[in-house]
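Coordinate analysis (summary)
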Amino acid sequence: MDADLMDALVQIVDGALADAVRRSGDWLACRPGCSQCCTGVFQISGVDAERLRVGLASAEQGVAARVRERVGAARERLGSWFPGDAASGELGMDEEAVELFEEFAADEVCPVLDPFTGTCDLYGARPILCRTFGPPVKNDEGGLAVCELCFDGATEEETARCEMDSSWRGLQDEVEAGSGATIVAFAFGVA
């Protein structure tokens, strides 16, 4: 992983997010304690996993211990059903594994989420998907994806005016190329 490119990607994404948040105003429901998007596993890159590991290593000792405990419990619950190599944490990419992932752990809460505050214990190290969820952002089909709690009652035009700039996706592809994929609960065991 090229650390300079990763840092550049995070800065660009955070800048695009800040701009979208500013334009979204009250339409955006995302606030500390709102954690609906933290339920259900999702794929993250090996680069995101590395950033989470670095974030955990630099976290305050008590926070790190609580995250490690929640990660261990999540791995225990999910390990036998993990659609990939549970030992390495790498998701399988064959057709069967991809199909299994679609139904995998939809009710599992992210182990990095503090269950008492509803906030992310490793917020500064959060994956790119976490950094971009909430405001309207182009999805793979070319439409706009937006959190179901946000833009309630907004017109399509109002929502479209707040679209997050996604020009960073090319850099993301470059940074994450060949990095493998995992989920947050298994990110801390990926080599």
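Residues numbered from 1 in each chain as written. Predicted model: local features only at pLDDT ≥ 70, side-chain atom pairs only at ≥ 80, totals over all residues. Heavy atoms only, no water.

Focus on the nonpolar core
What counts here: Among buried residues, the Ala, Val, Leu, Ile, Met, Phe, Trp, Tyr and Cys ones that are joined through side-chain atoms within 4.5 Å form a nonpolar core. Whether a residue is buried, partly exposed or exposed follows from its accessible area with a 1.4 Å probe, protein chains only, as a fraction of its type maximum: under 20%, in between, or over 50%, in that order. Think of it this way: any DSSP run of H or I at least four residues long counts as a helix, any run of E at least two long counts as a strand, and we number them from the N terminus. The contact criterion used throughout is that any non-hydrogen atoms of two residues lie within 4.5 Å.
Judged by nonpolar contacts, the single largest core of 18 residues is most densely connected at Ile-44, Leu-52, Val-67, Val-112, Leu-122, Val-184 and Phe-188. Those elements that provide at least two residues to this core are α2 (46–58), α3 (61–78) and α8 (184–187). Top element by residues in this core is α3. It accounts for four residues. In contact with Leu-122, not counting residues within four places along its chain, are Leu-52, Gly-55, Leu-56, Ala-59, Val-67, Val-112 and Phe-188.

Examining the environment of Gly-25
Here Gly-25 is to be found in the loop between α1 (3–24) and β1 (44–45). Residue Gly-25 is classed as partly exposed on the basis of its relative accessible area of 33%. For the pair formed by Gly-25 and Cys-162, sequence separation is 137 residues and the distance between their alpha carbons is 9.1 Å.

Focus: the pattern of salt bridges
This is how it is decided: Whenever a carboxyl oxygen of Asp or Glu lies within 4 Å of a side-chain nitrogen of Lys or Arg, that contact is scored as a salt bridge.
According to the stated counting rule, one finds nine salt bridges in the structure shown. Among the salt bridges present, the one from Asp-19 reaches Arg-23, with a minimum N-O distance of 3.0 Å. One end of the pair, Asp-19, and the other, Arg-23, are both in helix α1, four residues apart, so they sit about a helical turn from each other. Among the residues examined, Asp-19 registers a relative accessible area of 29% and is labelled partly exposed. When its relative accessible area of 28% is taken as the criterion, Arg-23 is described as partly exposed. Overlapping salt bridges bring together Asp-14, Arg-126 and Arg-131 as one network.

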